[in-house]
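A look at the structure
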Amino acid sequence: PTQQQQQPQKHYGITSAISLAPPREIDHQYTKKLCDAMKPFGVFEDEEELNHRLAVLGKLNNFVKEWIAEISELKNLPPSAISCVGGKIFTFGSYRLGVHTKGADIDALCVAPRHVERSDFFQSFFEKLKQHEEIKDLRAVEDAFVPVIKFKFDGIEIDLLFARLALQSIPDNLDLRGDSILRNLDIRCIRSLNGCRVTDEILYLVPNKENFRLTLRAIKLWAKRRGIYSNMLGFLGGVSWAMLVARTCQLYPNAVAATLVHKFFLVFSKWEWPNPVLLKQPEDSNLNLPVWDPRVNPSDRYHLMPIITPAYPQQNSTYNVSTSTRTIMSEEFKYGNVDLVPDFLYYHPSCEHILMFSPRIGLVESKIRVLVGNLERNEYITLAHVNPQSFPGSKENRNENDFVSMWFIGIIFKKVENAESVNIDLTYDIQSFTDTVYRQANNINMLKDGMKIEATHVKKKQLHQYLPPEVVQKKKRVRYLHWQVFFCFFFVLIISLFIFCLLFHRRIVLIYNRNVDSLSLNGSLIFLKAHSDLISSLLPLSHSEEPPVKARPVSPPVSSSVIPNAASSPKMEPNGLEESINGAPAKRPHSPTEEDLAKRHKETEVRTRVFSARGRSYLYECLLNT
């Protein structure tokens with residue numbers, strides 16, 4: 001076979017695939033249902049919104065080329081060089097992966113030739129953006145770990161990074177995946193390029209891009225609704241979720257999205273952390289850049305949930321994960337619960353909450369994981385779970401002009417044996433966190449008068465005092481619906497068991513008498529639960545049985561639920577007992593004749609057939625009428 005024919009059997013990832021099975025028709029049907037289920041949550045953009053993004057990126061790309069040409073002219077480049085100096089906008093993140101949602105921002109990178117400095121980007125380009133009428137909310141963060149300019153371009157939020165390459169010009173067909181492009185670059189440019197390189201590498205390493213994208217949309221939506229989507233707070237960010245889904249696609253290269261969602265939970269519910277997730281074998285490009293390698297770097301050995309980026313230099317994208325956040329995510333993987341109802345505030349039945357008030361600054365949010373780390377090191381705390389969604393402070397808890405955000409941290413305390421109650425002091429843990437935030441805010445001149453961080457203990461029944469009314473009501477409706485479903489299921493189960501026992505229990509006997517009117521029973525059905533020996537005592541003796549030599553008189557019972565069968569003789573019972581006359585007991589003959597025995601055997605067979613057929617038919621009729 002040719003190489004093209006062998007392409008479907010291509011080896012993806014660092015191991016062979018678990019299954020190469022093609023999708024079935026039912027899998028395609030489930031995938032369509034998956035798409036329909038996600039549509040109400042705004043995970044898909046319509047054609048108009050998509051075209052608007054493309055138009056904005058096209059304008060920005062032309063804007064960058066115009067600016068680079070102006071800078072080149074100021075730096076006395078010859079006209080021939082200025083005409084082909086180029087420049088380009090690259091995208092990365094969710095937009096580049098093709099999984100962005102409605103209203104999401106765009107992560108972009110401005111790539112410039114070697115004669116354009118970073119200072120030019122944050123000065124002249126920033127001033128040029130200011131003069132553009134379609135650009136709003138412009139702000140620069142030059143001292144960040146990855147420097148960025150943030151703005152809105154015609155209503156679309158854009159985070160724009162900058163990288164200067166060691167090239168005279170930037171062609172439109174430039175490919176950033178090659179490692180040689182990193183030569184002679186400073187560390188900030190390498191960090192800025194990393195997002196694009198990782199995104200492109202992920203798309204290159206998956207077998208089917210469309211199946212990957214649809215699966216990633218579903219998993220990201222699930223993670224956000226379950227409160228485990230935030231790299232800043234110690235959970236997983238967008239690129240980490242993308243790599244987990246990409247690894248699932250490598251293991252099941254021919255599966256469609258519905259199957260991949262199921263396999264995602266199957267794979268990572270059994271994953272033995274801290275074994276790393278790798279999309280390909282790490283490569284050394286001899287550029288002397290720091291990479292993730294626990295054999296060389298002792299600090300890498302303490303990472304709890306390593307997910308390694310596939311592009312050089314390889315890094316762990318989950319270094320913020322703590323013991324608590326890994327425990328929470330591992331439990332979610334085991335549940336495999338693709339329930340799209342947010343339920344954080346009622347997630348733990350024995351959960352207490354710490355409510356933290358703070359100014360609306362990113363520094364506080366980025367340091368909340370420090371508080372979570374302090375809490376989980378407390379000997380009396382089993383788990384600390386921060387809700388990634390913050391809430392605005394209520395009017396009762398702030399002044400009119402104050403900007404306040406609230407975060408909820410759920411805490412499960414350890415049970416202390418032989419102690420009715422234990423007082424747990426969290427003052428030191430919280431004070432250590434606030435001191436860290438104040439110190440860093442002061443170092444970067446962000447701390448202003450009146451800014452403060454407060455923490456308070458809140459019980460579950462007190463949440464309505466802090467949450468917006470619509471959030472509280474939504475939680476109550478969800479919980480009430482869960483109980484309704486439970487009781488309906490329980491009721492149906494009991495009714496089903498009752499009918500099953502009524503129809504199929506072998507120890508239920510139905511005796512119906514067609515002549516009950518003459519006995520003043522008004523056509524009643526009588527159900528008798530009896531053992532086999534009691535039933536046999538009601539039937540006549542078979543011809544193989546030896547009758548007793550002498551029988552004592554048998555008195556009729558005071559109250560009997562056994563009605564003679566209609567097939568028996570009106571004058572003589574099959575067992576030889578005559579009807580009572582004037583209350584006197586009937587007598588059994590001492591020795592039945594052969595003719596009596598033959599007649600008795602025949603009547604026994606008739607009675608059995610009547611009992612079986614008529615009994616069942618009247619039982620069903622009774623159930624239907626009831």
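Refer to the structure printed above.
Residues numbered from 1 in each chain as written. Predicted model: local features only at pLDDT ≥ 70, side-chain atom pairs only at ≥ 80, totals over all residues. Heavy atoms only, no water.

Looking only at helices and strands, one finds 15 helices and 12 strands in the chain. Across the 626 residues in the chain, those meeting the buried criterion constitute 41%. Intrachain contacts of the chain at a sequence separation of at least 6 include 71% that bridge at least 24 residues. Roughly 36700 Å² of accessible area belongs to the chain as shown, and the carbon and sulfur atoms make up 53% of that amount. (Helix = DSSP H or I, 4+ residues; strand = E, 2+ residues; numbered from the N terminus. Buried < 20%, exposed > 50% of the residue type's maximum accessible area, 1.4 Å probe, protein only. Contact = heavy atoms within 4.5 Å. Areas by Shrake-Rupley, 256 points an atom, 1.4 Å probe, with all protein chains shown as cover.)

On to the side chain of Asn320. In this fold, Asn320 is placed in the loop between helix H9 (257-269) and helix H10 (323-335). A polar contact is formed between the side chain of Asn320 and the side chain of Arg369, at a distance of 3.1 Å. Setting aside chain neighbours within four positions, we find Asn320 in contact with Asn231, Met232, Gly234 and Arg369. (Polar contact = N/O pair within 3.5 Å; in protein donor to acceptor, adjacent residues only side chain to side chain.)

Moving on, we come to the environment of Tyr319. Tracing the backbone shows Tyr319 in the loop between H9 and H10. Given the relative accessible area of 52%, Tyr319 is considered exposed. Through-space distance from the C-alpha of Tyr319 to that of Ile307 is 8.9 Å; in sequence the pair is 12 residues apart.

Turning our eyes to something else, we now look at the sheet that holds strand E3 (residues 135-141). Read across the sheet, 5 strands follow the order E1-E2-E5-E4-E3 without closing on themselves; strand pairing throughout is mixed. Two strands close off the open sheet at either side, each with one partner strand: strand E1 (88-92) and E3. Averaged over all pairs of adjacent strands, the angle between strand axes in this sheet comes to 25°, irrespective of strand direction. Helix H6 (residues 187-205) contacts E1, strand E2 (106-112) and strand E5 (156-164) of the sheet and is inclined by roughly 120° relative to E5. (Pairing = 2+ DSSP bridges. Axes fitted to C-alpha atoms, helices over the stretch in contact; angles between N-to-C directions.)

With that settled, consider the pairing of E1. With 5 of 5 residues buried, E1 lies mostly within the body of the structure. By the alternation rule, side chains of E1 split into Lys88, Phe90 and Phe92 and Ile89 and Thr91, which are all buried.

Turning our attention to the side chain of Arg118. Among the secondary structure elements, Arg118 is positioned in helix H5 (residues 118-130). For the buried Arg118, no salt bridge is present, and the opposite-charge side chain at shortest range is Asp186, 4.4 Å distant. Reaching out from Arg118, the side chain makes a polar contact with the backbone oxygen of Phe162 at a distance of 3.2 Å. The contacts of Arg118, once residues within four sequence positions are left out, are Pro147, Phe162, Asp186, Arg188, Cys189 and Ser192. (Lys, Arg positive; Asp, Glu negative; His and termini not counted. Salt bridge = Lys/Arg side-chain N within 4 Å of Asp/Glu carboxyl O.)

Bringing the nonpolar core into the picture now. Ranked by size, the top nonpolar core spans 69 residues in total, and within it Ile202, Phe212, Trp241, Leu244, Phe264 and Phe333 carry the most contacts. When neighbours within four sequence positions are excluded, Trp241 is seen to be in contact with Leu216, Ile219, Trp222, Ala223, Ile228, Tyr229, Leu236, Phe264 and Phe333. One finds Leu57, Val85, Ala108 and Phe162 within the second-largest nonpolar core, a separate group that totals 29 residues. (Core = buried A, V, L, I, M, F, W, Y, C linked by side-chain atoms within 4.5 Å.)

Attention now moves to the packing of aromatic side chains. Following the criterion strictly, the structure yields 18 aromatic pairs and no others. A centroid spacing of 4.9 Å and a plane angle of 55° characterise the contact between Trp67 and Phe125, whose relative ring orientation is tilted. Here Trp67 is found in helix H2 (residues 47-74), whereas its partner Phe125 is found in helix H5, with 58 residues between them in sequence. Each member of the pair, Trp67 as well as Phe125, carries the same accessibility label: buried. Relative to Phe264, the ring of Trp241 lies with its centre 6.4 Å away and its plane at 40°, an arrangement referred to as tilted. Here Trp241 is found in helix H8 (residues 238-251), whereas its partner Phe264 is found in helix H9, with 23 residues between them in sequence. Phe264 carries the same exposure label as Trp241, and that label is buried. The structure contains a cluster of three or more aromatic residues connected by ring pairs, namely Trp222, Trp241, Phe264, Phe265, Phe268, Trp271, Trp273 and Phe333. Positioned above the aromatic ring of Phe145, the side-chain terminus of Arg191 is 3.8 Å from the ring centre. Sitting over the face of the ring of Tyr229, Lys224 holds its NZ or CZ atom 5.0 Å from the ring centroid. (Phe/Tyr/Trp six-rings, centres within 6.5 Å; stacked < 30°, edge-to-face > 60°. Lys NZ or Arg CZ within 6 Å of the ring centre and 35° of its normal.)

Turning to helix H1 (residues 25-38), a few remarks are in order. In a regular helix each residue adds 1.5 Å, so 14 residues correspond to 20 Å; H1 covers 21 Å between its end C-alpha atoms and thus fits that length. Along H1, the residues that are buried comprise Asp27, Thr31, Leu34, Cys35 and Met38. Down the axis, H1 shows its buried residues gathered within 95° of arc, on one side only. Projecting away from the buried face of H1 at angles above 90 degrees are the exposed residues Glu25, Lys32 and Lys33. Against the buried residues of H1 lie helix H7 (209-225) and H9. (Expected span 1.5 Å × (residues − 1). Arc of directions from axis to C-beta.)

Since the α-helix turns once every 3.6 residues, residues separated by three or four places project in the same direction. Over its 17 residues, helix H12 (residues 427-443) runs 24 Å from end to end, which matches the ideal 24 Å to within 8%, given 1.5 Å per residue. Downstream of H12 by one or two residues, Asn445 has phi in the positive range, about 60°.

Relative orientation of the contacting elements H7 and H9 amounts to 50°, with a least axis distance of 9 Å. For the element pair H7 / H9, the angle class is oblique. The two elements H7 and H9 cross, and the hand of that crossing is right-handed. Taking contact as the criterion, the partners of Asn211, Leu214, Thr215, Ala218, Ile219 and Trp222 in H7 are, on H9, Ala257, Leu260, Val261, Phe264 and Phe265. Taken together, the residues of the contact of H7 with H9 sort by class into 9 nonpolar, 2 polar and no charged. (Parallel < 35°, antiparallel > 145°, perpendicular 65-115°, else oblique. Left-handed = near helix turned anticlockwise from the far one by under 90°. Nonpolar A, V, L, I, M, F, W, Y, C, P; charged D, E, K, R; others polar.)

Attention shifts here to unusual backbone geometry. Residue Pro274 is reached from Trp273 by a cis peptide bond, and omega for that bond is 10°. As for its position among the elements, Pro274 is in the loop between H9 and H10. Following Tyr312, the chain continues to Pro313 via a peptide bond in cis, the omega torsion being -5°. Positive phi, close to 65°, is recorded for Asn184, a residue that is not glycine. Tracing the sequence through the fold places Asn184 in the loop between E5 and H6.

Take the packing of H8 against H9 next. H9 packs onto H8 with a crossing angle of 100° between their chain directions and a minimal axis gap of 9 Å. Taken as axis vectors, H8 and H9 run roughly perpendicular relative to one another. Contacts between H8 and H9 involve Trp241, Leu244, Val245, Arg247, Thr248, Cys249 and Leu251 from the first element and Leu260, Lys263, Phe264, Val267 and Phe268 from the second. For the contact of H8 with H9, the per-class residue count stands at 9 nonpolar, 1 polar and 2 charged.

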